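An overview of the molecular structure
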Amino acid sequence: MFIDKVRIHVKGGDGGAGCMSFRREAHVPKGGPDGGDGGHGGNVVVEADASLSSLIEYRFKHHFKADRGTHGKGSRMHGATGEDLVLKVPVGTVVREYFEESKETGELIADLTHDGESVTVACGGMGGRGNIHFVTPTRRAPAFAELGEPAQEGWIELEMKLMADAALVGMPSAGKSSLIAKISAARPKIADYPFTTLVPNLGVARSGDLSFVAADIPGLIEGAAEGRGLGHEFLRHIERTALIVHVVDLTGDYEGRDPLEDYEVINRELALYADDLAARPRIVVANKIDVPGTEEAAERLAARVRADSVAAAGGDEFAPSPVDPKLYRISALTGEGVDALKAAIATKVHELREASRAELAADVQYDHVWEHKREARDKRFEVLNLGGGVFRVVGPQVERMVVQTDWENEEAIAFLQHRLKRLGVETALERAGAVDGDEIRIVGRAFDFESARTAEDMFKELDL
Ligand SMILES: Nc1nc2c(ncn2[C@@H]2O[C@H](COP(=O)(O)OP(=O)(O)OP(=O)(O)O)[C@@H](O)[C@H]2O)c(=O)[nH]1
Ligand SMILES: [Mg+2]
């Protein structure tokens with residue numbers, strides 16, 4: 001089975017709690033604080049691996065979790081860091097956010113196009129700090145520590161897009177599968193009825209020193225770009241190939257069509273599906289030259305390809321791509337002309353690869369971009385006035401701070417208030433109309449609002 005899209009839930013490891021402890025030794029009756037930090041939780045990382053060819057491993061298992069950090073201990077002992085969980089995926093996997101509730105995909109996280117490329121999809125939580133961090137000149141014995149930070153979690157969508165160098169496209173029964181069978185070790189089903197090929201077949205072809213990966217795409221028909229036939233599902237795979245090899249059936253066998261008309265229909269569908277597909281380098285192949293009476297159609301098609309090539313080179317954006325001016329006439333049945341075609345594809349693919357090498361070098365750093373976006377979103381919070389003197393504050397970072405606080409401990413709560421103030425929560429609440437004594441809710445907690453002045457005095461007193 002060909003599996004090309006899965007949705008999985010990923011969760012980093014939670015951070016371990018910081019420790020609240022004081023030194024106790026026989027000769028030191030009342031020692032200073034010595035609680036160590038909790039360990040950081042592991043991240044969940046998605047990494048491209050060239051040895052994989054499908055997402056089958058994610059078909060039945062959908063939940064993945066990295067190790068948590070262990071708790072800090074006394075005597076300044078830090079907790080251990082949780083290990084990262086690395087999820088291997090095939091090269092050519094696109095990673096996106098996914099929202100399970102609305103069943104919608106979100107932002108692009110990464111497009112992993114080369115072996116070893118990776119992206120962090122769920123960060124582990126930071127370990128909580130032990131009480132040694134909260135010592136100040138006036139607070140010698142801080143009797144609180146931070147809890148570990150809960151890890152990030154969420155759904156992601158993994159989609160594998162074929163990474164072939166050349167895609168064989170054309171009408172049903174044009175002979176695409178016959179051709180891939182001739183040039184590679186692939187053995188797809190070949191039959192004289194349309195839509196024989198239901199999923200793309202990949203094959204490695206060799207010509208001299210050069211090799212390339214070809215994909216045999218299921219037949220396209222008029223309306224494919226709007227979802228007709230089976231082609232639509234697979235048109236998106238063509239998006240990833242450097243070269244399009246357009247196979248035209250000279251006999252016009254499928255529904256007795258005219259080869260030239262077929263050629264136009266396919267060009268139109270490609271252009272309709274995506275603008276840049278119209279401009280994708282293309283080689284046109286006339287198949288079934290062994291059938292008598294096809295010379296005339298071949299001549300007409302050759303003239304048309306030449307004309308399109310001239311138009312495209314002359315900057316006509318409506319011309320179907322920078323085609324090779326030559327029409328490659330072959331018989332996938334007898335093998336006539338196939339070696340020359342194979343050599344032409346290999347050379348073209350090689351040229352295109354060289355050209356894109358420079359682009360690859362300047363490739364985006366996914367972790368960087370994604371982290372940046374997420375951080376900005378993380379810091380955002382919103383104050384909702386629920387009426388009756390009740391306000392709710394929502395936002396990832398604010399909520400995380402609250403969850404990291406030990407609510408049994410007054411000092412820890414005061415420390416939280418100080419952090420919220422620094423983030424601008426207090427000002428935002430005042431602006432929303434909150435006054436002393438109003439109820440403020442953040443995740444599962446509720447506390448009383450205190451005006452800035454009072455709180456400030458309190459922090460001064462605590463020397464925070
Ligand atoms: N005479 C002749 N028949 C051919 C040639 N190439 C393919 N065929 C025949 O055409 C029919 C369709 O071939 P396939 O290779 O299955 O065509 P396809 O393009 O993969 O078709 P779909 O998978 O349905 O899109 C089969 O009966 C082949 O034997 C050729 O060069 N000459
Ligand atoms: Mg086929």
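Below or above, wherever it landed, is the structure these notes cover. No experiment lies behind these values; they were computed from the predicted model shown. (Residues numbered from 1 in each chain as written. Chains lettered and ligands numbered in written order. Predicted model: local features only at pLDDT ≥ 70, side-chain atom pairs only at ≥ 80, totals over all residues. Heavy atoms only, no water.)

A short note on the site of ligand 1
The cut-off we apply is this: Near residues are defined by distance, with any heavy atom within 4 Å of the molecule or strand qualifying the residue. Polar contacts, as used here, are pairs of N or O atoms within 3.5 Å; protein pairs need one atom able to donate a hydrogen and one able to accept it. Residues neighboring in sequence count only if both atoms are side-chain atoms. All accessible-area figures derive from a Shrake-Rupley calculation using a 1.4 Å probe, and residue coverage is judged against the displayed protein chains alone. Secondary structure follows DSSP: runs of H or I at least 4 residues long count as helices, runs of E at least 2 residues long count as strands, and numbering of each begins at the N terminus. Ten residue types, Ala, Val, Leu, Ile, Met, Phe, Trp, Tyr, Cys and Pro, are classed as nonpolar, four, Asp, Glu, Lys and Arg, as charged, and the remainder, Gly among them, as polar.
Around ligand 1 sit 23 residues, and of these K176, S177, S178, T197 and D290 come closest. In the model, an oxygen atom of ligand 1 is placed 2.9 Å from a nitrogen or oxygen of the G175 main chain. With respect to ligand 1, the backbone of A191 contributes an N or O atom lying 3.4 Å from an oxygen atom. Within the complex, 89% of the 650 Å² of free accessible area of ligand 1 lies under protein. Among the elements that take part in the shell around ligand 1, helix α1 (residues 176-183) stands out by supplying three residues, more than any other. Partitioned by chemical class, the residues of the shell around ligand 1 number ten nonpolar, nine polar and four charged.

Focus on helix α5 (residues 295-313)
To keep it simple, the criterion reads: A helix is expected to reach a length of 1.5 Å times the quantity of its residues less one. Between buried and exposed lies partly exposed: a residue is buried under 20% and exposed over 50% of the maximum accessible area for its type, with that area taken using a 1.4 Å probe on protein chains only. Directions from the helix axis toward the C-beta atoms define the arc. Between two residues, a contact is recorded if the distance between any of their heavy atoms is within 4.5 Å.
The first and last C-alpha atoms of α5 sit 27 Å apart over 19 residues, in line with the 27 Å expected at 1.5 Å per residue. Taken together, the buried positions of α5 are A297, A298, L301, A302, V305, D308, S309 and A312. Each buried residue of α5 sits inside an arc of 135° when the element is viewed along its axis, so together they form one side. Facing away from the buried surface of α5 by more than 90 degrees, the exposed residues are E296 and V310. The elements touched by buried residues of α5 are β12 (243-249), α3 (259-273), β13 (282-287) and β14 (323-329).

What about the sheet that holds strand β11 (residues 210-216)?
Cut-off, in case you're wondering: DSSP-based pairing: two strands are paired if at least 2 bridges between them are found. In this analysis, axes come from line fits to C-alpha atoms, helices being fitted only over the stretch in contact, and the angle between any two N-to-C directions falls in the range 0 to 180 degrees.
Strand order in the open sheet formed by six strands is β10-β11-β9-β12-β13-β14, and the pairing between neighbours is mixed. The open sheet has two edge strands with one neighbour each: β10 (201-207) and β14. Taking each pair of neighbouring strands and ignoring which way they run, the sheet shows an average axis angle of 25°. Here three bridges tie strand β9 (residues 166-169) to β11, and the two strands are oriented parallel to one another. Counted as the bridge partner of A166 is A214 from β11. Together, β9, β10, β11 and β12 form the strand contacts of α1, whose direction differs from that of β11 by roughly 155°. Packing against the sheet, α3 makes contact with β9, β12 and β13, and its axis sits at approximately 150° to β12.

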